[in-house]
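Fold and geometry: a report
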Amino acid sequence: GNAVVVKPSEVSENTAKLVADLLPQYLDKELYPVVTGGVPETTELLTQRFDHILYTGNTAVGKIVMAAAAKHLTPVTLELGGKSPCYIDKDCDLAVTCRRITWGKYMNCGQTCIAPDYILCDPSIQSQVVENIKATLQEFYGEDVKSSPDYERIINKRHFKRILGLLEGQKIAHGGETDEASCFIAPTILTDVSPESKVMEEEIFGPVLPIVPVKSVEEAIELINCREKPLALYVFSNNKQLIKRVISETSSGGVTGNDVIMHFFLSTLPFGGVGHSGMGAYHGKHSFETFSHRRSCLIKDLKMESTNKMRYPPGSQKKVDWTKFFLLKRFNKGRIGLVILAVLGVLAAVMTKVSFG
Amino acid sequence: NPYAGLVGHLRASWLSGKTRPMEYRMAQLEALGRFLDEKKQEILEATDLDMGKPSFEAYFTEVLLCKNELNVTLNNLCHWMKDEHVDKNLVTQLDSAFIRKDPYGVVLIMAPWNYPIHLILVPLIGAIAAGNCVIIKPSEISKNTERLVAEMLSCYLDNDCFAVVTGGVQEATRLLENKFDYIFFTGIPSVGRIVMTAAAKHLTPVTLELGGKNPCYVSDTCDVPNVARRVVWGRFFNAGQTCIAPDYLLCTLEMQEKLMPALREAITEFFGPNPKESPDFGRIVGDKQFRRIRALLCSGRVAIGGQTDEAERYIAPTVLADVLPSDPAMQEEIFGPILPIVVVANMDEAIDFINARPRPLAVYAFSCDSKVVNQVLERTSSGGFCGNDTLMQVTLTSLPFGGIGNSGLGKYHGKFTFDTFSHHRGCLHRNMGLETLNAPRYPPYTQQKLGLLTATFEVKRRGTCTLL
């Protein structure tokens, strides 16, 4: 039931133009305008007072949006990002695991907020992981990835250069080919990555998959917990207990066990972040709740005033006892409960009138 | 950063997993129950010293309502903590899909002075129940209660996970420089903005319980003596220092004339001929607040009360008649024992009046005609609403309590407090097998695969026949 101002991203120019042209042809222009533009336009827009702001984007801008919202005490839903870790247990079906990870990582050329950002696994299975992903990439995109119609490109030169910079000093186990003219970066795997390296500092948001060796699940959990809370967390294992443990000992926006991305598609699950990965959630009914104010309403009768007498001054111990009785007892839907309550209410009214009348 | 050590210590406790088990949380909550039982007298004394809070009121709001929340939480915590399993779609039929209630981590609760124990404990109960570590910042304005909380709470709660920080604006500002995982603030809108701005630096989610001017519309068809009693009760409770008190009355000139004697009678019934001598009428919390409220008396004309005594910080239960929207009493939240009456022509004018102003924490409407009550409800916006009474909507733990717009964001009470302090984490635990079912989603993409994917993922509009 809200009026909405829609602000598409100027980075995806063509889609922004499409939305700006078409949406007003379908929706009521007076209530759902589209505002286009870049940073200056957005900044100006944010000085206005809104009754709720939902922002999907990066953490840095999320802080700016929330600070602007604070001026008007506007509640916000922030869908941000982070580095979504992907832990692979030694005890799992590596072929299936790697196929699922490959799908989630390289779809949209890695430009997915819930893509598995980096892998954590035992050094003994690292090379197998690489081989399996290589095989899957072949299956998905063929010999020449560049000519596959199913592989995307990086959105613009700025991000292309940014992702390229993350490869510096890294051991490239597969991929690494780039073509600036078409913003092409081949599906790339990095091995023996150090948690302190540049590629482990920021959300990659590209087709580069670092593997960070860890010797145990404890080490993996510790590594995850000493970083900002991610938007998604992934864990692959045949051992149900291990999966339960990783979920219980970490925090993240959402989780998919034994797959990636899929929790996003179930609309009964709230989709959102925690900590630096965001606040609030949406999808399905959760979206409706996000954009509604749940207003508590209590409608009383103007009669039965004598039951109120116990709360009015002058105070007395007797009144306190009666108040306790009426407030601490919970009565739920049952008809019998209502009848008993009504009888008690009449009794209380009569008794109070007698003692105070 | 003077509080970095404290926050760091609590964070380390949090990361150790100490607060996760239900038994731990129950034990801490039971300890809070013992605090309320054993320190009841101290609580009544401290709040009396701070603002002359009548012991009946203090028991009701600071002890009884808190015990209520505690019991609701203890009775239901096991159920609230459970993973909430959700409906699945076709593609996830064989998976486990649930919402996990995760604690946020280290949370900050900042409380005001008017219901100093209640407004710490009720959020605290939910924060502990949800498994967080908590830093509590009581208000320095209610000095005696601040001291009580600082000295006593540490004797009942685990000091590794729960701490009290005392101080004024400077200390609060320094405290807010730290990163918290949630901030719960009760206070005025201007400080609410400061808190949210500080929270934005760390992307800390917040609940802000603020205030505003709560309008109270009285229609021409109503039981005048009952309305008068309920309004007087709500307005003068805690000497008017209640965020959900009816701030001002809206009614017709005729109703104002009818109400006045009824209001006078209710005030006498409650507080006697000289409210200053009644043990059931409170005082203003501080000199600054006293002077602020006293200045509002030059609005309209004083129809009832109006007497003040600066030494005692006493302001008599006062009703101002014929108040204009431009008068001082209509420029800010009164938060004192003054009830202005603004005359309107009819319900529509009252609704327009309410809607032209910032959204309040509560809207009240009195009428024997339920249609009138419903109209006011439907055509206005507020944190909460009560028809034919005042304040009562917040005593029901099954109703969420919170504001909207300038009166706040977020909500709590009962299970809503637990939910406020939990991160609802969407979890999908899939099967490692049945990989062939995933095949349609993988490249190389084909029309056939798209068809299959659509069939398994699609949600149809109700009414479309799926057999065709």
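Residues numbered from 1 in each chain as written. Chains lettered and ligands numbered in written order. Predicted model: local features only at pLDDT ≥ 70, side-chain atom pairs only at ≥ 80, totals over all residues. Heavy atoms only, no water.

**Section: the sheet that holds strand 1 (residues 53-56) of chain A**
Residue and element names in this part refer to chain A. Within the open sheet, the 3 strands sit side by side as 1-2-12. Their pairing is mixed. The sheet is open, and its two borders are formed by strand 1 and strand 12 (278-279), each paired with just one other strand. Bridging between strand 1 and strand 2 (residues 76-79) involves 4 bridges; their strand directions are parallel. Looking at strand 2, one finds that Ile53 is bridged to Val76. (Pairing = 2+ DSSP bridges. Helix = DSSP H or I, 4+ residues; strand = E, 2+ residues; numbered from the N terminus.)

**With respect to the sheet that holds strand 8 (residues 215-218) of chain B**
Taken in spatial order, the 8 strands line up as 13(A)-16(B)-15(B)-8(B)-9(B)-14(B)-13(B)-10(B) in an open sheet, and their pairing is mixed. Two strands lie at the open edges of the sheet, namely strand 13 (296-299) of chain A together with strand 10 (301-304) of chain B, each paired on one side alone. Across the sheet, the mean angle separating the axes of adjacent strands is 20 degrees when strand polarity is ignored. Relative to the sheet, helix 10 (residues 253-271) of chain B contacts strand 8, strand 9 (248-251), strand 10, strand 13 (318-321) and strand 14 (338-343) of chain B, its axis offset from that of strand 10 of chain B by approximately 50 degrees. (Axes fitted to C-alpha atoms, helices over the stretch in contact; angles between N-to-C directions. Contact = heavy atoms within 4.5 Å.)

**What to know about the UniProt feature "active site" (unreviewed entry) in chain B**
All names here are of chain B. According to UniProt, the positions carrying the feature "active site" (unreviewed entry) are Glu209 and Cys243. A stretch of 35 residues holds the annotated residues, and the largest C-alpha distance among them is 9.0 Å, short enough that they meet in one place. With respect to the helices, strands and loops of the structure, Glu209 is situated in strand 7 (residues 206-209). Setting aside residues no more than four positions away along its own chain, Glu209 makes contact with Phe184, Phe185, Thr186, Gly187, Phe401, Gly402, Ser407, Gly410, Lys411 and Tyr412. Following the sequence through the fold, Cys243 ends up in the loop between helix 9 (224-236) and strand 9. Setting aside residues no more than four positions away along its own chain, Cys243 makes contact with Asn114, Leu210, Asn214, Glu333, Phe335, Leu361 and Phe401. (UniProt positions renumbered as here; feature names shortened; annotations may be inferred.)

**Quick look at the packing of aromatic side chains**
Overall, the coordinates contain 26 aromatic pairs over all chains when judged by the stated rule. Taking the centre distance of 5.5 Å and the plane angle of 90 degrees together, the rings of Trp113 of chain B and Phe335 of chain B count as edge-to-face. Taken together, the positions of Trp113 of chain B in the loop between strand 3 (106-110) and helix 5 (118-129) and Phe335 of chain B in the loop between strand 13 and strand 14 put the pair 222 residues apart, joining distant regions of the chain. Since its relative accessible area comes to 16%, Phe335 of chain B is described here as buried. Taken together, the ring pairs connect Tyr312 of chain A together with Phe60, Tyr115, Trp233, Phe237, Phe270, Phe271, Phe281 and Tyr314 of chain B into an aromatic cluster. Lying across the ring of Phe353 of chain B, Arg357 of chain B places its NZ or CZ 3.7 Å from the centre. Looking at Arg441 of chain B, its charged tip hangs above the ring of Trp103 of chain A, at a distance of 3.6 Å from the centre. (Phe/Tyr/Trp six-rings, centres within 6.5 Å; stacked < 30°, edge-to-face > 60°. Buried < 20%, exposed > 50% of the residue type's maximum accessible area, 1.4 Å probe, protein only. Lys NZ or Arg CZ within 6 Å of the ring centre and 35° of its normal.)

**Comments concerning unusual backbone geometry**
All names here are of chain A. Looking along the chain, the bond that leaves Pro313 and enters Pro314 is cis, with omega of -5 degrees. Even without glycine at this site, Cys109 takes up a positive phi of about 55 degrees. The residue Cys109 is located in the loop between helix 4 (94-106) and strand 4 (118-121) in this model. A relative accessible area of 0% places Cys109 in the buried class.

**Quick word on the pairing of strand 8 (residues 188-191) of chain A**
Each regular strand displays side chains that alternate between the two surfaces of the sheet. All names here are of chain A. With burial as the criterion, each face of strand 8 is covered, one bearing Thr188 and Leu190 and the other bearing Ile189 and Thr191. Pairing between strand 5 (residues 171-174) and strand 8: 3 bridges, direction antiparallel. Residue pairing across strands places Ile172 opposite Leu190, the latter belonging to strand 8. Bridge count for strand 8 against strand 9 (residues 208-213) is 3 bridges, and the pairing is parallel. Paired with Ile189 across the strands is Leu209, a residue of strand 9.

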